[in-house]
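Analysis of the macromolecular model
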2 protein chains.
Amino acid sequence: MSDAKIIDGKATALSLRARVAEQAQAFADAAGRLPGLAVVLVGEDPASAVYVRAKERASAEAHIGGTVHRLPATTTQEELLALVRALNADTTVDGILVQLPLPPQIDAHAIIAAIDPEKDVDGFHPINAGRLASGLPGFVPCTPLGCLMLLKDYHDHLAGLEAVVVGRSNIVGKPMAQLLLAESCTVTIAHSRTRDLFGAVRRSDIVIAAVGVPELIRGDWIKPGATVIDVGINRVTLPDGKTKLIGDVAYDEAIEVAGAITPVPGGVGPMTIAVLLRNTLVAAHRKTGIALDERTL
Amino acid sequence: MSDAKIIDGKATALSLRARVAEQAQAFADAAGRLPGLAVVLVGEDPASAVYVRAKERASAEAHIGGTVHRLPATTTQEELLALVRALNADTTVDGILVQLPLPPQIDAHAIIAAIDPEKDVDGFHPINAGRLASGLPGFVPCTPLGCLMLLKDYHDHLAGLEAVVVGRSNIVGKPMAQLLLAESCTVTIAHSRTRDLFGAVRRSDIVIAAVGVPELIRGDWIKPGATVIDVGINRVTLPDGKTKLIGDVAYDEAIEVAGAITPVPGGVGPMTIAVLLRNTLVAAHRKTGIALDERTL
């Protein structure tokens, strides 16, 4: 029997979405329109289509005015740039999200760099990455910000804690490391070239696993009492042919050792869309100058 | 008697400056003008005045056309912004450096953000910080790039090495961590809130000390054979009343253990201006489209 607290990302995300919905309604009362999120989906990638539908539903529930622009897989870079520019210029659009991945004829870096940084609710624009790195206000990518919120639900203070981020993507690992550093954790960034991943995990009070390798991190690597945030969502096929989602951490083992741990699914996953709605709400307030205490979100 | 190699930053910087001078002359032959660096100095801070004079001398020697704009300490933010905008628009200026610190009536963040990112040879603009964090080409701050060059002089490969960066400033620590991560080191960022600095240093193959505390890091913390890069330049007063420059590492102790170590002075210090000249040369080529193999610098 384990004493680990299971970190309920679903409940935290629901609560965040409820706060966003309330503030979005107040924004609409003041501004005469809902906060607006424009989602751009290029092509027919089935996973992307599922994500975009989930974003549509969640936007509607949170009083965020969502518009989805569905473009064919044959869209040219110039056509997509033209749409981004039009959305930049549209005063009713507060947030712009271009669903990744994009078809091979399109340079994703060029598209992201074309988004107005003040509407970049995904936080992928280099200037928002730079603001995060420089300690300036901007937009932070949704998944790592969601991880930080889960950590803060559980820890009153993060300063001085030893943290390891396993994975160095621009979308999760690197911004996560910046957020933990800004909270005054001692941060180690580990990745596929790391020689002593066991040692890095073993000494850490906080483990963020964002590497995309099923159950790479075993239970006996975890420092007793550590907080484990598992960003991995890996679909694996079981012996009976069914599939199942599992994380980057061997959950059944780790829960015996950790102080707190996120399950997969139901941990980090639900936070990502909730933070996207939060970022859109924040963008709407910043753009219009309507006051919002961002710390209450 | 120690076997540690003393990393001669002065020699490496001289060699870099000679390569810059040669390429700057070639640029002048092609472009009909020297690469241009505009340095802005506000007020009478004596240390800043010394740095700026050193930059002037080094620019002249490297065939970089340097112009220094000296403004009174009473300069307003609007006056400084107007100068930055004029330098942004001046086609003969390839690099702009605003010497820090600025007087208290001026918001340094606003000034840095006003510099054309393509002329930001200090690499402090948030978009250049973001490009570095995102793995995109841009300008990297001079001191950490100089440290990386010293490391690469000594190591053929950095991938997989355990590195600790002690200090998390926007100017040295954070960009240094990004550079080491891009070289596939396992990177730990330590700072004043770190609980086990000894442990972080002790396990590291590469130690970057950039914290500004004289001889904080002792010799017996260093892993035998490690490479130590000391960014600290601390002026201390000796018992006889004379002053002396010392680093963040106890050099006399560390040299007995390290595989290689930078002295203070004569280690990292000389690299900073050499990299500034290099960045200005690179900016001139990128802006004019004249070809330059940046890897040869």
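Calculation rules
- Residues numbered from 1 in each chain as written.
- Chains lettered and ligands numbered in written order.
- Predicted model: local features only at pLDDT ≥ 70, side-chain atom pairs only at ≥ 80, totals over all residues.
- Heavy atoms only, no water.
- UniProt positions renumbered as here; feature names shortened; annotations may be inferred.
- Domains from an automatic or database assignment.
- Helix = DSSP H or I, 4+ residues; strand = E, 2+ residues; numbered from the N terminus.
- Buried < 20%, exposed > 50% of the residue type's maximum accessible area, 1.4 Å probe, protein only.
- Least-squares fit on C-alpha atoms with pLDDT ≥ 70 in both.
- Contact = heavy atoms within 4.5 Å.
- 1 Å grid on protein atoms, 1.4 Å probe; cavity = no way out; pocket = protein on both sides within 12 Å on 5 of 7 lines; lining within 4 Å.
- Points joined across faces, edges and corners; volume = space filled by probe spheres on them.
- Axes fitted to C-alpha atoms, helices over the stretch in contact; angles between N-to-C directions.
- Parallel < 35°, antiparallel > 145°, perpendicular 65-115°, else oblique.
- Left-handed = near helix turned anticlockwise from the far one by under 90°.
- Pairing = 2+ DSSP bridges.
- Right-handed = clockwise from strand over helix to strand, strands pointing away.
- Phe/Tyr/Trp six-rings, centres within 6.5 Å; stacked < 30°, edge-to-face > 60°.
- Lys NZ or Arg CZ within 6 Å of the ring centre and 35° of its normal.
- Nonpolar A, V, L, I, M, F, W, Y, C, P; charged D, E, K, R; others polar.

Looking up chain A in an unreviewed UniProt entry gives the name Bifunctional protein FolD, with the organism given as Sphingomonas natans. In its Function (unreviewed entry) section, the UniProt entry covering chain A states "Catalyzes the oxidation of 5,10-methylenetetrahydrofolate to 5,10-methenyltetrahydrofolate and then the hydrolysis of 5,10-methenyltetrahydrofolate to 10-formyltetrahydrofolate." Regarding chain A, the UniProt comment filed under Pathway (unreviewed entry) reads as follows: "One-carbon metabolism; tetrahydrofolate interconversion."

Parsing chain A into structural domains produces domain 1 (31-116) and domain 2 (142-269). Here the C-alpha centre of domain 2 of chain A lies 29 Å away from the C-alpha centre of domain 1 of chain A.

To continue, consider the environment of A:A18. All names here are of chain A. Along the chain, A18 turns up in helix α1 (residues 9-31). The exposure class assigned to A18 is partly exposed, which follows from its relative accessible area of 45%. With 279 residues separating them along the chain, A18 and L297 place their C-alpha atoms 9.7 Å apart.

Copy one and copy two of the chain differ by a rotation about a common axis and a shift along it. By a simple turn and slide, chain A fits onto chain B: the slide is 0.0 Å along the axis, the RMSD is 0.0 Å, and the turn is 180°. In short, the pair behaves as if placed about a two-fold rotation axis. Both copies contact each other with a shared surface, as 100% of the interface residues of chain A are interface residues in chain B too.

This next bit is on the layout of surface pockets. Residues and elements named next belong to chain B. Each pocket or cavity is described by its volume, and for the largest pocket that value is around 1,500 Å³. What lines the largest pocket is a set of 48 residues, among which Y51, T143, I233, G269 and T272 lie closest to the centre. When contributions to the lining of the largest pocket are tallied by element, the ones reaching two or more residues are α1 (9-31), α2 (46-61), β4 (95-98), α6 (142-154) and α10 (269-288). Broken down by element, the lining of the largest pocket gets its largest block of residues, 9 residues, from α2.

With that out of the way, let us pick up unusual backbone geometry. Residue and element names in this part refer to chain A. Residue P101 is bonded to the preceding L100 through a cis peptide linkage, with omega at 0°. Looking at the element boundaries, P101 is found in the loop between β4 (95-98) and α4 (108-114). Non-glycine residue E215 carries a positive phi angle of around 50°. By the element assignment, E215 lies in the loop between β7 (206-209) and β8 (227-230).

The subject of this paragraph is the UniProt feature "binding site: NADP(+)" (unreviewed entry) in chain A. Residue and element names in this part refer to chain A. Per the UniProt annotation, the sites labelled "binding site: NADP(+)" (unreviewed entry) are G167, R168, S169 and I233. Of the annotated residues named above, the ones that line the second largest pocket are I233. With respect to the element layout, G167 can be found in the loop between β5 (162-166) and α7 (173-182). Among the residues examined, G167 registers a relative accessible area of 5% and is labelled buried. Once residues lying within four places of it in the same chain are set aside, the contact partners of G167 are G173, I189, A190, H191 and A210. With respect to the helices and strands, S169 occurs in the loop between β5 and α7.

Now for the packing of α2(B) against α10(B). Residue and element names in this part refer to chain B. Here α2 crosses α10 at 55°, and the two axes come no closer than 10 Å. Between α2 and α10, the interaxial angle falls into the category oblique. The handedness of the crossing between α2 and α10 comes out as right-handed. Here A54, K55, A58 and S59 of α2 come into contact with α10, specifically with I273, L276 and L277.

Let's shift gears to the pairing of strand β2 (residues 36-42) of chain B. Residues and elements named next belong to chain B. With 7 of its 7 residues buried, β2 lies for the most part within the structure. On β2, burial covers both faces: G36, A38, V40 and V42 on one face and L37, V39 and L41 on the other are all buried. In the sheet, β2 pairs with strand β3 (residues 65-71) via 7 bridges, with the strands oriented parallel. Each residue of the ladder has a partner; that of L41, found in β3, is R70. Once you follow β2 into α2 and on to β3, the crossover reads as right-handed. Of the pairings in the sheet, the one linking β2 to β4 comprises 4 bridges and is parallel in character. Of the residues in β4, the one forming a bridge with A38 is I96.

This brings us to the packing of aromatic side chains. All names here are of chain A. Applying the stated criterion across every chain, the model contains 2 aromatic pairs over all chains. Summarising the aromatic geometry, the rings of F198 and W221 are spaced 6.2 Å apart at their centres and angled 85° between planes, so their arrangement reads as edge-to-face. Residue F198 is found in helix α8 (residues 197-202), and its partner W221 is found in the loop between β7 and β8; the two are separated by 23 residues along the sequence. Of the residues examined, F198 reaches a relative accessible area of 40% and is grouped as partly exposed. Sitting over the face of the ring of F139, R286 holds its NZ or CZ atom 4.8 Å from the ring centroid.

All names here are of chain A. In the contact formed by helix α6 (residues 142-154) and helix α10 (residues 269-288), the axes pass within 8 Å of each other and the chain directions differ by 105°. Classified by the angle their axes make, α6 and α10 are roughly perpendicular. The segment α6 lies against α10, with C142, T143, L145, G146, M149 and L150 engaging M271, T272, V275, L276, R278 and N279. For the contact of α6 with α10, the class distribution of residues is 7 nonpolar, 4 polar and 1 charged.

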